[in-house]
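Fold and contact review
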Amino acid sequence: MFIIELMYWLWQIILLVITLCVGEVSNLYCLIKPPPESARIEELRGAGEVVFIPAGHFPIATLETYAQFFQETYDLPITLLPPLHLPLQAFDPNRSQYIAEEILAEAKGQVPHSRSNTPVIPVVFTDQDMYIQKYNWQYAFSLRENGMAVVSSARMGYSFNPFQQADQETQE
């Protein structure tokens, strides 16, 4: 009986050490399986016309920099649309935040139809703090749904934006 008990506790200690060192025991397979093959850039194919829409006080110059980056890096043309006025119903005064779903609903009405038969893919950029209603989160960086997206820079640090220099105060 003593040997069985000893083996049981030894097995428990081994499992604990493995879990602490590499995570869940079920994740061990991830350590031994071959890595997935990455697609080459020539193999990537997309369809659609991407449009960037500034909202709130998001700097248009920053969006122009983003559009230039995607054009030069991925040969992906980006169209910049006029700024989107954030509607009053998109603001939640109880949280002092905008509702991401409401921003997308407002943007949907301002997106022009495609000149070709490809879909228009709008991406709204805002500097306002926002949250997603259907989740119990304090805030959100982005929401993607129904072929649209909204991105908020309100809580992003400078490490998330490689195109913008941090000011002197942030660097110190």
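Residues numbered from 1 in each chain as written. Predicted model: local features only at pLDDT ≥ 70, side-chain atom pairs only at ≥ 80, totals over all residues. Heavy atoms only, no water.

For the rest of this paragraph, the subject is helix α4 (residues 100-108). The set of residues buried in α4 consists of Ala 100, Glu 101, Ile 103, Leu 104 and Ala 107. Along α4, the residues classed as buried sweep out an arc of 160° about the axis, all on the same side. Looking at the packing, one finds that the buried side of α4 touches β1 (49-55), β4 (97-99), β5 (120-126), β6 (130-131), β7 (142-145) and β8 (148-152). (Buried < 20%, exposed > 50% of the residue type's maximum accessible area, 1.4 Å probe, protein only. Helix = DSSP H or I, 4+ residues; strand = E, 2+ residues; numbered from the N terminus. Arc of directions from axis to C-beta. Contact = heavy atoms within 4.5 Å.)

Let us now look at the pattern of salt bridges. This model, assessed by the stated rule, comprises two salt bridges. Close ionic contact of Asp 129 with Arg 155 constitutes a salt bridge, the shortest N to O distance being 2.9 Å. On the criterion of sequence distance, the pair formed by Asp 129 in the loop between β5 and β6 and Arg 155 in the loop between β8 and α5 (168-171) is long-range, its members being 26 residues apart. Judged by relative accessible area, which is 19%, Asp 129 ranks as buried. The exposure class assigned to Arg 155 is partly exposed, which follows from its relative accessible area of 40%. (Salt bridge = Lys/Arg side-chain N within 4 Å of Asp/Glu carboxyl O.)

So, about the sheet that holds strand β2 (residues 78-80). Pairing is mixed across the open sheet formed by five strands, whose spatial order is β2-β1-β5-β8-β7. Both outer strands of the open sheet, β2 and β7, are each paired with one neighbouring strand and no more. Recorded for the sheet is a direction-independent mean angle of 20° between the axes of neighbouring strands. Sheet analysis places β1 next to β5, joined by seven bridges and oriented parallel. Residue pairing in the sheet places Val 50 in a bridge with Ile 121 of β5. Each of β1, β2 and β5 is contacted by helix α3 (residues 60-74), which is oriented at about 160° to β1, the strand it contacts most. Running at roughly 125° to β8, α4 makes contact with β1, β5, β7 and β8 of the sheet. (Pairing = 2+ DSSP bridges. Axes fitted to C-alpha atoms, helices over the stretch in contact; angles between N-to-C directions.)

Time to look at α3. For α3, which comprises 15 residues, the first-to-last C-alpha distance of 21 Å matches the rise-based estimate of 21 Å (1.5 Å per residue) to within 8%. Buried residues of α3: Thr 62, Leu 63, Tyr 66 and Ala 67, and no others. Along the axis of α3, the buried positions cluster into a sector of 140°, meaning they face one direction only. Turned more than 90 degrees off the buried face of α3, the exposed positions are Ala 61 and Glu 72. Where α3 is buried, its residues touch β1, β2 and β5. One or two residues past the end of α3 sits Asp 75, with phi positive at roughly 55°. (Expected span 1.5 Å × (residues − 1).)

Taken as a whole and judged by the stated rule, the model has eleven aromatic pairs. Pairing Tyr 8 with Trp 9 gives two aromatic rings, centres 5.4 Å apart and planes at 80°, and the pair type is edge-to-face. Looking at Tyr 8, the relative accessible area reads 45%, which means it is partly exposed. Here Trp 9 falls in the exposed class, since its relative accessible area comes to 51%. With a centroid separation of 4.4 Å and an interplanar angle of 15°, the aromatic rings of Tyr 135 and Trp 137 are classed as stacked. Exposure remark for Tyr 135: the relative accessible area of 38% places this residue in the partly exposed category. Over the aromatic face of Tyr 131 sits the side chain of Arg 95, whose NZ or CZ is 3.6 Å from the ring centroid. (Phe/Tyr/Trp six-rings, centres within 6.5 Å; stacked < 30°, edge-to-face > 60°. Lys NZ or Arg CZ within 6 Å of the ring centre and 35° of its normal.)

Everything listed is a geometric property; what it means functionally is a separate question.
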